[in-house]
Amino acid sequence: MQTWSQLLAEEKQSDYFKSILKHVAARRQHVEVFPPQALVFEAFRLTAFDNIRVVILGQDPYHGIGQAHGLCFSVNKGIKIPPSLRNIFQELESDLGISPPKHGFLNHWAKQGVLLLNAVLTVESGNANSHQNIGWESFTNKVISLVSEHSEHVVYLLWGASAQKKVSLIDASKHTILSTVHPSPLSAYRGFLGCKHFSKANKALIEHQQLPIDWKIAD
């Protein structure tokens, strides 16, 4: 049985990783940083390594108050559903007939084995991409590589150019890779809406003798 603790032990002892944590801690002294410190690694806590069936890649956390809680695209209950997530729910309804939930809290997916991983794990309030290039990308690239290397079959949903750049880290000979444009309102109409990635992901899982994901989110 593989665990995140075992697989990431060496990475977490590296100088660059310690530098990331030091930088984020220092910024928290001056500005609000999201998600809260206790939730930065929430995706790893909720989705055990041996349970990963699907990986969805995001860019960086939401930068509005109360939104980010450590899972890409997801927001806390009681927070207005962001436009990209609203489009994700629209595609879910079109693809699988699942009515959009009243909230955008995706913990139910994470607990089933959907790793909701942002390329960058922290952001400063009101300042998108503010923690790009401080080292998080090296860490999350390693995570993607480890999942590819140590898992027998995972479905990767690569939405948008940023996520698609990670394709070189994935062994396409043993994993399923589904790519389309980002669900953002700026691009969703160019291929995300109608992509049927949710049904295609479940079909691939079933073909590899894995349980499908229950994509329905209870209100």
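Quick note: structure is the one above.
Cut-off values and rules
- Residues numbered from 1 in each chain as written.
- Predicted model: local features only at pLDDT ≥ 70, side-chain atom pairs only at ≥ 80, totals over all residues.
- Heavy atoms only, no water.
- Helix = DSSP H or I, 4+ residues; strand = E, 2+ residues; numbered from the N terminus.
- Rg over C-alpha atoms; globule rule 2.2 N^0.38 Å.
- Buried < 20%, exposed > 50% of the residue type's maximum accessible area, 1.4 Å probe, protein only.
- Contact = heavy atoms within 4.5 Å.
- Lys, Arg positive; Asp, Glu negative; His and termini not counted.
- Charge placed at Lys NZ, Arg CZ, Asp CG, Glu CD.
- Salt bridge = Lys/Arg side-chain N within 4 Å of Asp/Glu carboxyl O.
- Polar contact = N/O pair within 3.5 Å; in protein donor to acceptor, adjacent residues only side chain to side chain.

(A) View of the overall build of the chain. If you tally the helices and strands in the chain, you get nine helices and six strands. A globule of 219 residues ought to have a C-alpha radius of gyration of about 17 Å, and the chain, at 17 Å, matches this closely. Principal-axis analysis of the C-alpha atoms places the extent of the chain at approximately 45 × 40 × 30 Å. In the chain, which comprises 219 residues, the share counted as buried stands at 53%. Long-range contacts, defined as pairs at least 24 residues apart, comprise 66% of the intrachain contacts of the chain with a sequence gap of at least 6. Once the 21 positive and 18 negative side-chain charges of the chain are each reduced to a mean point, those two points are 5 Å apart.

(B) Geometry of the pattern of salt bridges. Inspection of the entire model under this criterion finds three salt bridges. Two residues, Arg45 and Glu42, come together in a salt bridge whose shortest N-O distance is 2.8 Å. Of the two residues, Arg45 and Glu42 are both situated in helix 4 (residues 42–46); the distance of three residues between them amounts to about one turn of the helix. Classification of Arg45 by relative accessible area gives exposed; the value is 59%. In this structure, Lys203 engages Glu207 in a salt bridge whose closest nitrogen and oxygen atoms are separated by 2.7 Å. Here Lys203 and its partner Glu207 are both found in helix 9 (residues 197–207), four residues apart, which amounts to about one turn of the helix. For Lys203, a relative accessible area of 51% puts it in the exposed group.

(C) Up close: the side chain of Ser187. Tracing the chain through its elements places Ser187 in the loop between strand 6 (176–180) and helix 9. We classify Ser187 as buried; its relative accessible area is 9%. A distance of 2.7 Å separates a polar atom in the side chain of Ser187 from the backbone oxygen of His182. Other than its neighbours up to four places away in sequence, Ser187 contacts Val181 and His182.

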